[in-house]
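# Per-entry structural report
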Amino acid sequence: MGKIIKDTIHANGIDIGIYTHDFENEFISLTDIARYKSDDPTAVIQNWMRNRDVIEFLGLWERLHNSDFKPLEFEGFKKQAGANAFTMSPKKWIEATDAIGIVSKAGRYGGTYAHSDIAMSFATWISPEFQLYIMKDYRRLKTDENSRLSLGWNLNREISKLNYRIHTDAIKENLIPPELTSAQVAYTYANEADMLNVVLFGKTAKQWKDDNPTVKGNMRDVATLNQLLVLANLESYNAVLIKQGKNQKERMELLRQLAVQQLETLENVSLNNLPRLRVNS
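Okay, so let's go over this structure. (Residues numbered from 1 in each chain as written. Predicted model: local features only at pLDDT ≥ 70, side-chain atom pairs only at ≥ 80, totals over all residues. Heavy atoms only, no water.)

### So, the overall build of the protein chain
Filter applied, for reference: In this description a helix means any DSSP run of H or I spanning at least four residues, a strand means any run of E spanning at least two, and both kinds are numbered starting from the N terminus. Whether a residue is buried, partly exposed or exposed follows from its accessible area with a 1.4 Å probe, protein chains only, as a fraction of its type maximum: under 20%, in between, or over 50%, in that order. In what follows, residue pairs with any heavy atoms lying within 4.5 Å of each other are defined as contacts. All accessibility values rest on the Shrake-Rupley procedure with a 1.4 Å probe; residue burial counts only the protein chains present in the view.
Helix and strand counts for the protein chain come out as 11 helices and five strands. Here the protein chain, with 281 residues, has 38% of them falling under the buried criterion. In the protein chain, 61% of the contacts between residues at least 6 apart in sequence involve partners at least 24 apart. Total accessible area computed for the protein chain in this model is approximately 15,900 Å², and 51% of it derives from carbon and sulfur atoms.

### Considering the packing of helix α3 (residues 52-65) against helix α6 (residues 116-126)
Between two packed helices, what matters for the description is the angle formed by their axes and the separation of those axes. Rules: In this description, a line fitted to the C-alpha atoms serves as the axis of each element, helices being fitted only across the stretch in contact, and the angle between N-to-C directions of two axes falls anywhere from 0 to 180 degrees. Orientation categories follow fixed angle ranges, with anything under 35 degrees roughly parallel, anything over 145 roughly antiparallel, 65 to 115 roughly perpendicular, and all other angles oblique. By the definition used in this description, the sense in which the near helix is turned from the far one sets the handedness, with an anticlockwise turn below a right angle giving left-handed and a clockwise turn giving right-handed. Side-chain classes are defined by residue name, with Ala, Val, Leu, Ile, Met, Phe, Trp, Tyr, Cys and Pro counting as nonpolar, Asp, Glu, Lys and Arg as charged, and the others, Gly among them, as polar.
Relative to each other, α3 and α6 sit at 165°, their axes nearing to 11 Å. As far as their axial angle goes, α6 and α3 are roughly antiparallel. For the element pair α3 and α6, the recorded crossing hand is right-handed. Along the contact surface, α3 presents Phe57, Leu58, Trp61 and His65, while α6 presents Asp117, Ile118 and Ser121. In terms of residue class, the contact of α3 with α6 is made up of four nonpolar, two polar and one charged.

### Here's the deal with helix α10 (residues 225-243)
Counting along an α-helix, one turn takes 3.6 residues, and residues three or four places apart therefore face a common direction. Cut-off, in case you're wondering: Multiply 1.5 Å by the residue count of a helix minus one, and that product is the helix's expected span.
Between its first and last C-alpha, α10 extends 28 Å over 19 residues, near the 27 Å set by a 1.5 Å rise per residue. Phi turns positive one or two residues past the end of α10, at Gly245, with a value near 85°.

### Let's talk about the environment of Ser38
Definition in use: Whenever two N or O atoms come within 3.5 Å, that pair is a polar contact, provided that in protein one can donate a hydrogen and the other can accept it, and provided that, for residues adjacent in sequence, both atoms are side-chain atoms.
Relative to the helices and strands, Ser38 is located in the loop between α1 (30-34) and α2 (41-49). Polar side-chain contacts of Ser38 include one of 2.9 Å to the backbone nitrogen of Asp40.

### What to know about the packing of aromatic side chains
For clarity, the threshold we go by: Classification of ring pairs uses Phe, Tyr and Trp, with its six-membered ring standing for Trp, and accepts pairs whose centres are within 6.5 Å; under 30 degrees between planes counts as stacked, over 60 as edge-to-face, and the remaining range as tilted. Charge-over-ring placement is defined geometrically: NZ (Lys) or CZ (Arg) within 6 Å of the ring centre, and within 35 degrees of the ring normal.
For the coordinates displayed, the defined rule picks out 10 aromatic pairs. Arranged with centres 3.9 Å apart and planes meeting at 5°, the rings of Tyr36 and Phe130 form a pair that is stacked. Here Tyr36 is found in the loop between α1 and α2, whereas its partner Phe130 is found in helix α7 (residues 128-174), with 94 residues between them in sequence. In this structure Phe130 comes out as buried when scored by relative accessible area, which is 0%. On the basis of an interplanar angle of 20° and a centroid distance of 6.1 Å, the ring pair of Phe122 and Trp125 is categorised as stacked. With a gap of three residues between them, Phe122 and Trp125 both fall in helix α6, about one helical turn apart. On the basis of relative accessible area, Phe122 is assigned to the buried category, the value being 0%. An aromatic cluster is built from Phe69, Phe74, Phe77, Phe86 and Trp93, whose rings are joined through pairwise contacts. For the cation-ring pair, Lys37 lies above Trp125, with the distance from its terminal atom to the ring centre recorded as 4.4 Å.

### Some remarks on the pattern of salt bridges
Spelled out, the test is: A side-chain nitrogen of Lys or Arg and a carboxyl oxygen of Asp or Glu constitute a salt bridge if their distance falls within 4 Å.
Inspection of every chain in the model, using the stated rule, returns nine salt bridges. Its salt-bridge partner being Asp210, residue Lys206 comes within 3.0 Å of it at the nearest N-O pair. Of this pair, Lys206 and Asp210 both sit in helix α9 (residues 205-211), four residues apart, which is roughly one turn of that helix. Given a relative accessible area of 58%, Lys206 falls into the exposed group. Members of the salt-bridge network, linked through shared partners, are Arg63, Glu75 and Lys78.

Note that every value here comes from positions in space, so none of it alone points to a role or purpose.
So, in structure tokens, the structure goes:
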């Protein structure tokens, strides 16, 4: 699991923990949500999980998202659910079925967490009104996150454009003899740009376009924030290597090493370190 990024939802006076390790799947604290109803959140969660409808919902979610989910164990729970003697806990559910939608965490931010799909269902069971408060602040967090992503993407796109000028100047001064035709000059520029495309994206601009005929723009227009930042650095570094007189094969090897190193580093950098934007609710 990668670096965990934690945030907090503020819902009608209750602080609810939320974390993610991939910025796509958020896990929200059922323990914090349950405190809205009782000082014994563990008992609230277990009572919720005793219901047949809840077991069926959890089982369906796992079947849609978890290839390792154990259907036979789930069917056994479904038959027992709702009976007076039936008991269920997050730990029992996870260990028996290999579920991934609910997790138990120890440590400072310990408690029972669930994927946002499941957490919202739990919140509705607790109180439809409270669930609306949760959804309101959850949307605020997502809007804030998207704004920060957009800010970072646009900033890195502009940096990449500025570094492209440094890159093309180095090509002009060191790789283009004065006797070349306009077509040959254009080819030299395109060849160097495509070399960076291959280093970073693994394919040329034409190959990418052939693979994505319906996508508007080029591969750099749909690049991730991290890829754009690395691209800007590659353009600057390639300009230095060109001035050092290194041939294209040598440059490709050095640039690839830099790209791999920087992408791995950026994967461990929290987007929470980006500046937050004030968003009107």
